Structure formats: C-alpha cells, structure tokens
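Analysis of the macromolecular model
As a plain string of letters, each chain reads:
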Amino acid sequence: MAQADIDDFVLPEMTGIASAMASTPMQRAANQLQKVLPPGWRVEVVASSQGTARRGQPVLRLVMGDF
C-alpha cells in the first residue's frame with residue numbers, strides 16, 4: 001500500500017485555520033464597530049463581570065487609544 005503524507009495536501013493559505021477564532025455574532029459586531037472607530041481605538045470581546053444574570057456572558061469593551 002502506498003504511503004501518503006497528508007501534509008503534502010494542505011494548501012499554504014489554509015495553515016492558519018486552526019489558530020483562527022470561530023466567528024460569533026459578537027465578534028462580527030466588534031469587527032464592524034472597529035471599522036468605524038477613530039485610529040487608536042479598539043474593540044474587545046470580553047466576559048462580563050457585572051450582574052449575576054450576565055456574569056460570564058460576552059460583552060463589547062471599547063478601549064480608548066493613547067492620546
């Protein structure tokens with residue numbers, strides 16, 4: 001039986017797929033918001049630490065750039 005190395009069949013542009021984060025609605029919203037923010041500002045998706053009902057749920061955090 002012939003030996004085949006599966007790595008030979010992986011396209012170079014697909015090697016980063018394993019490290020890419022899964023796209024979620026919250027991450028897509030963060031990306032859209034990031035596009036319209038002034039330079040230096042950024043959007044982060046973090047786990048909420050406020051309130052008992054939302055604790056641990058993803059929320060958006062705006063971080064102001066250094067001015």
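Figured I'd write up the structure that's included with this text. Nothing here was measured: the structure is a model prediction, and the numbers come from that model.

**What to know about the overall build of the chain**
The helix and strand tally for the chain stands at 1 helix and 2 strands. Taken from N to C terminus, the helices and strands of the chain fall in the order α-β-β. Within the span of the chain, comprising 67 residues, buried residues form 10% of the whole. Taking the intrachain contacts of the chain between residues at least 6 apart in sequence as the baseline, contacts between residues at least 24 apart amount to 22%.

**Here's the deal with the pattern of salt bridges**
The tally for this structure, following the rule as stated, stands at 2 salt bridges. Across the pair E44 and R61 runs a salt bridge whose closest N-O atoms are separated by 3.3 Å. Of the two residues, E44 sits in strand β1 (residues 42-47) while R61 sits in strand β2 (residues 58-63), which places them 17 residues apart along the sequence. Note on E44: relative accessible area 22%, which makes it partly exposed. Look at R61 and you get partly exposed, because its relative accessible area is 41%.

**With respect to the environment of M26**
As for its position among the elements, M26 is in helix α1 (residues 25-36). Given the relative accessible area of 26%, M26 is considered partly exposed. C-alpha of M26 to C-alpha of V46: the two residues are 20 residues apart in sequence and 9.9 Å apart in space. Ignoring any residue separated from it by four or fewer positions in sequence, one finds M26 in contact with V45, P58, V59 and L60.

**A look at the side chain of S48**
Within the secondary structure, S48 is located in the loop between β1 and β2. Residue classification places S48 among the buried residues on the basis of a relative accessible area of 10%. Among the polar contacts made by the side chain of S48, one reaches the main-chain amide nitrogen of Q50 at a distance of 3.2 Å. Among all residues touching S48, those that are not within four sequence positions of it are R54, R55, G56, Q57 and V59.

Parameters at a glance
Residues numbered from 1 in each chain as written. Predicted model: local features only at pLDDT ≥ 70, side-chain atom pairs only at ≥ 80, totals over all residues. Heavy atoms only, no water. Helix = DSSP H or I, 4+ residues; strand = E, 2+ residues; numbered from the N terminus. Buried < 20%, exposed > 50% of the residue type's maximum accessible area, 1.4 Å probe, protein only. Contact = heavy atoms within 4.5 Å. Salt bridge = Lys/Arg side-chain N within 4 Å of Asp/Glu carboxyl O. Polar contact = N/O pair within 3.5 Å; in protein donor to acceptor, adjacent residues only side chain to side chain.

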